[in-house]
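Below, each chain spelled out in residue letters.
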Amino acid sequence: MYTASSDTEAMAKETANGELHAVTRPPPTPSPLRFSKFFQANLRILVTGGAGFIGSHLVDKLMENEKNEVIVVDNYFTGSKDNLRKWIGHPRFELIRHDVTEPLLVEVDQIYHLACPASPIFYKYNPVKTIKTNVIGTLNMLGLAKRVGARILLTSTSEVYGDPLQHPQTEEYWGNVNPIGVRSCYDEGKRVAETLMFDYHRQHGLEIRIARIFNTYGPRMNIDDGRVVSNFIAQAIRGEPLTVQTPGTQTRSFCYVSDMVDGLIRLMESEHTGPINIGNPGEFTMIELAETVKELINPDIPVKMVENTPDDPRQRKPDIAKAKELLGWEPKVILRDGLPLMEEDFRERLAVPKKQIK
Ligand SMILES: NC(=O)c1ccc[n+]([C@@H]2O[C@H](COP(=O)([O-])OP(=O)(O)OC[C@H]3O[C@@H](n4cnc5c(N)ncnc54)[C@H](O)[C@@H]3O)[C@@H](O)[C@H]2O)c1
């Protein structure tokens, strides 16, 4: 007969038919210093990947609250110190060069775990490193959260739905992912990261939050990172043809970065583990997007069809009913308002001023 050890008893409950079921443990006790009146009054927040595109906007928002102290860890693979330059030297801000595949010990109350290259060009560059970042990196951050009793939010992705057979995608949909393709290091990596989050939640009582992020755009995206919005804007500014991958009827939804950051913070502060889709349900074909960029930025350039990449999903659109109901969140910035803000940032970085209309 199976005899449960005292440790197993804390995690498992025996049902009438003798089966053992996992029971969620209460969260670990945070450090006593957390509540010390004189030692620390602030919420200390760790943002991994905070030097990247979404991470740096999240840091800006978190730093607006004077009660927050923010620690960023980043290995600068796709991020840059430049994205955080206004905070370097600020007494409530710390920046650490660190790779999340190595263990880390810092006393924090919340962890926003974003570290992972998001653009296919970069995540395919070193696929083994990408999956290590997703799996070992997430394990390390969960280990840290467990040790210090922090709440942890993972930025997962719509890629967990793969090439979806359900449209729009709800959180209940399990996805249609190729496990051995060139994108699998990212897609399957994030799926394992989600599994680890839930296993730590069930087994160790960790407070977890999972956001499934859909395509996001805005200032500070890497120019030439191969993502469609940055590609089109850079091409339009440089006066090059807009390259649309065939067939051009594949759809994507685009969420402006300030809306995304708002969604992530609401999820972290909510009482819901997720996964919750965060994205803009407005759906555009790639040809429609190219035409909009052309109209807003450079009407003189042609649209050119090019070959597609393997495993490119045909349709992607979030069902955001859960985010609306549970977080009171929905995106506010429409594409036509967001694109010019990104254009402004790209023009500054490419040093191409806007032509004055006479
Ligand atoms: N931007 C999107 O449209 C989108 C969509 C879905 C999911 N996401 C997720 O959101 C998060 C942020 O994406 P982003 O668009 O800001 O990407 P990004 O590439 O701009 O930022 C990722 C950051 O993580 C850092 N990083 C990468 N590997 C690391 C490692 N091993 N150790 C430490 N730092 C590391 C990079 O240097 C960079 O600063 C990622 O987890 C990504 O998977 C983004």
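In this numbering scheme, every chain counts its residues from 1 along its sequence in written order. With the structure being a predicted model, the display of local features is reserved for residues of pLDDT at least 70 and the display and counting of side-chain atom pairs for 80 or more, all residues being used for whole-chain, interface and lining totals.

(A) A look at the site of the ligand. Surveying the vicinity of the ligand reveals 27 residues, the closest of which are Gly49, Gly52, Thr78, Gly79 and Ala118. Every helix listed is a DSSP run of H or I at least four residues long, and every strand listed is a run of E at least two residues long, numbered separately from the N terminus. Those elements giving two or more residues to the shell around the ligand turn out to be helix 2 (53–64), helix 4 (127–148) and strand 7 (151–157). Top contributing element to the shell around the ligand by residue count: helix 2, with 3 residues. Looking at side-chain class alone, the shell around the ligand contains 12 nonpolar, 13 polar and 2 charged residues. Each residue gets a C-beta atom placed from its backbone. Should that atom fall within 6 Å of a molecule or strand, the residue is termed near it. Following the grouping adopted for this structure description, the nonpolar residues are Ala, Val, Leu, Ile, Met, Phe, Trp, Tyr, Cys and Pro, the charged ones are Asp, Glu, Lys and Arg, and the polar ones are all others, Gly among them.

(B) Just the nonpolar core, in detail. To form a nonpolar core, buried Ala, Val, Leu, Ile, Met, Phe, Trp, Tyr and Cys residues must be joined through C-beta atoms within 7 Å. Exposed residues have 12 or fewer other C-beta atoms within 10 Å of their own C-beta, buried residues have 20 or more, and partly exposed residues fall in between, where C-beta atoms are placed from the backbone. Val47, Ile111, Ile152, Phe232, Ile233, Leu264 and Val293 are the most contacted members of the largest nonpolar core, which has 73 residues in total. Top contributing element to this core by residue count: helix 6 (residues 228–238), with 7 residues. For every residue pair, C-beta atoms are placed from the backbone, and the pair is scored as a contact if these atoms sit within 7 Å. Leaving out residues up to four positions away in the same chain, Val293 has contacts with Phe232, Ile233, Ala236, Leu242 and Leu339.

(C) Main features of unusual backbone geometry. The peptide bond linking Thr246 to Pro247 adopts the cis configuration, its omega dihedral lying at 5°. Mapped onto the fold, Pro247 is located in the loop between strand 10 (242–245) and strand 11 (251–253). Here the bond from Gly274 into Pro275 is cis, since omega is 5°, no more than 30 degrees from zero. Structurally, Pro275 can be placed in the loop between helix 7 (257–269) and strand 13 (276–278).

(D) The confidence of the model for the protein chain, seen in detail. With 86% of its residues at a pLDDT of 70 or more, the protein chain has an overall mean of 89. Residue-level confidence of the predictor is summarised by pLDDT, bounded by 0 at the bottom and 100 at the top. Note that residues 1–12 has pLDDT below 50 and, in this model, 11 contacts with residues that lie over four places away or in other chains.

(E) View of helix 4. Expected span of a helix: the number of residues minus one, times 1.5 Å. Between the first and last C-alpha of helix 4 there are 31 Å, a value that for 22 residues agrees with the 32 Å anticipated at 1.5 Å per step. Note that bend, as reported per residue, equals the angle between axes fitted to the 7 residues terminating at that residue and the 7 residues originating from it. The largest bend in helix 4 amounts to roughly 30° and is located at Thr133. All of the buried residues in helix 4 are Thr130, Ile131, Thr133, Asn134, Gly137, Thr138, Asn140, Met141, Leu142, Leu144 and Ala145. For helix 4, the elements touching its buried residues are strand 3 (43–48), strand 6 (110–113), helix 3 (120–125), strand 7 and helix 5 (184–204). Looking one or two residues past helix 4, Gly149 carries a phi angle of roughly 70°, positive in sign.

(F) View of the pairing of strand 8 (residues 208–213). Here strand 8 lies mainly inside the structure; 6 of its 6 residues are buried. Here strand 8 shows no split at all, with Ile208, Ile210 and Arg212 on one side and Arg209, Ala211 and Ile213 on the other all buried. Seen with the strands pointing away from the viewer, any crossover whose path from the first strand over the helix to the second strand runs clockwise is right-handed. Handedness of the crossover joining strand 7 and strand 8 through helix 5: right-handed. Strand pairing is defined by DSSP finding a minimum of two bridges between the two strands. Sheet analysis places strand 8 next to strand 13, joined by 3 bridges and oriented parallel. Within strand 13, the residue paired with Ala211 across the bridge is Ile276.

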